[in-house]
Amino acid sequence: MKNFIENLPKAELHLHIEGSFEPELMFKIAQRNNIKIKYKSIEEIREAYQFDCLQDFLDIYYQGAGVLITEQDFYDLTYSYLEKCAVQNVRHTEIMFDPQTHTERGIAFKTVINGISKACTAAKKELGVSSLLIMSYLRHLSEADAFKTLEQSLPYKHLIAAVGLDSSEKGNPPSKFKKVFEASIKEGYIPLAHAGEEGSSEYIWEALDLLKIKRIDHGNNCLQDDKLIQEIIKRDIALTVCPLSNTALQVVHDLKNHPLKKMMDLGLKTTINSDDPAYFGGQVNQNYIEIQEALNLSKQDLYDLAKNSFQYSLLDDKTIQFYLDELEVYYTKNK
Ligand code: ADE
Ligand code: ZN
């Protein structure tokens, strides 16, 4: 099974580039920028990664991102993640980035987007990994702040496919961002959002009806509401599920009780993703491996998950078909 998963062609649809920041690279970049970090060693950093909830994690995640200063830093961070994609047979990835985490610290939007997008272009050519970018608004900040970010993004619109919504979910419902999502859609961005990770099913309804999202990041709590489940199926909207994130943030207490299989059996379209791999103990393949073991998923299940990852990507139909054909050949040979 491990071998089957490792060689399975797949896409990753839920990944925060700031969450891919491995301690080794964090130390290197901090040193070159003359920034002191509060940990003495890589081991000490890893030991600090014990979280009781989403907020617990976010506090550490924003601190880590604070050492990123130059375009080269953003380039190195992104390229390092894309190299990991290449060795895991991730053919395509949709990368979230949080501009406000950086602009709030005085880093120019241009520095962030140029570093990330240049790494994506190089990785397509050098590693054969395709990618697109999702600009995520931080929901703990105001809608006015999100509008400012939208404005800053416009000169770089050709480099960004979609907008997302992330950070502290509880107390920051999708309705808070209705107007900025409307404006983002008008600019041509595809709307996506985290919903139902810690927040209730009501937040997922809002994300669907008010933000008009085309994909739900996490979405675990849709299982609280049968009508919502039917609506998600009817609208043919996929969930980007992140198993190791869910256990690391205590959204699910034991992988053996993870609702992924239940979701699949109900007819929900699900995909497997790493969310913040540097913090949650595994890249996307590790997520596949551990959830397969915990839920005893079959090769057919794994194939369905990989198929969904291409089918519910934001790529054009022709490119999706290209990847699906490759997956089909692989599955036929290895099932
Ligand atoms: N930002 C990075 N990871 C996140 C997550 N799992 N939920 C919300 N915001 C995030
Ligand atoms: Zn996320």
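Residues numbered from 1 in each chain as written. Chains lettered and ligands numbered in written order. Predicted model: local features only at pLDDT ≥ 70, side-chain atom pairs only at ≥ 80, totals over all residues. Heavy atoms only, no water.

(A) Structural context of the site of ligand 1. The full set of residues close to ligand 1 is His16, Leu54, Phe57, Leu58, Tyr61, Asp166, Ser167, His194, Glu197, His218, Asp275 and Asp276. Within the contact set of ligand 1, a nitrogen atom lies 3.4 Å away from a side-chain nitrogen or oxygen of His16. At a separation of 2.8 Å, a nitrogen atom of ligand 1 approaches a polar backbone atom of Ser167. If ligand 1 stood free it would expose 260 Å²; the protein chains cover 100% of that surface. The cavity that encloses ligand 1 is the largest cavity. A per-element tally of the shell around ligand 1 places helix H4 (residues 54-65) first, with 4 residues. Among the residues making up the shell around ligand 1, the classes are represented as 4 nonpolar, 4 polar and 4 charged. (Near = heavy atom within 4 Å. Polar contact = N/O pair within 3.5 Å; in protein donor to acceptor, adjacent residues only side chain to side chain. Areas by Shrake-Rupley, 256 points an atom, 1.4 Å probe, with all protein chains shown as cover. 1 Å grid on protein atoms, 1.4 Å probe; cavity = no way out; pocket = protein on both sides within 12 Å on 5 of 7 lines; lining within 4 Å. Sits in = over half its atoms within 2 Å of the grid points. Helix = DSSP H or I, 4+ residues; strand = E, 2+ residues; numbered from the N terminus. Nonpolar A, V, L, I, M, F, W, Y, C, P; charged D, E, K, R; others polar.)

(B) Spotlight on helix H5 (residues 71-87). Along its 17 residues, H5 runs 25 Å from first to last C-alpha, staying within 8% of the 24 Å computed at 1.5 Å per residue. Within H5 the residues assigned to the buried category are Asp73, Phe74, Asp76, Leu77, Thr78, Tyr79, Ser80, Tyr81, Leu82 and Cys85. The elements touched by buried residues of H5 are strand S1 (10-16), helix H2 (23-32), strand S2 (90-97), helix H6 (99-103), helix H7 (109-127) and strand S3 (130-138). Positive phi shows up at Asn89, right after H5, with a value of about 60 degrees. (Expected span 1.5 Å × (residues − 1). Buried < 20%, exposed > 50% of the residue type's maximum accessible area, 1.4 Å probe, protein only. Contact = heavy atoms within 4.5 Å.)

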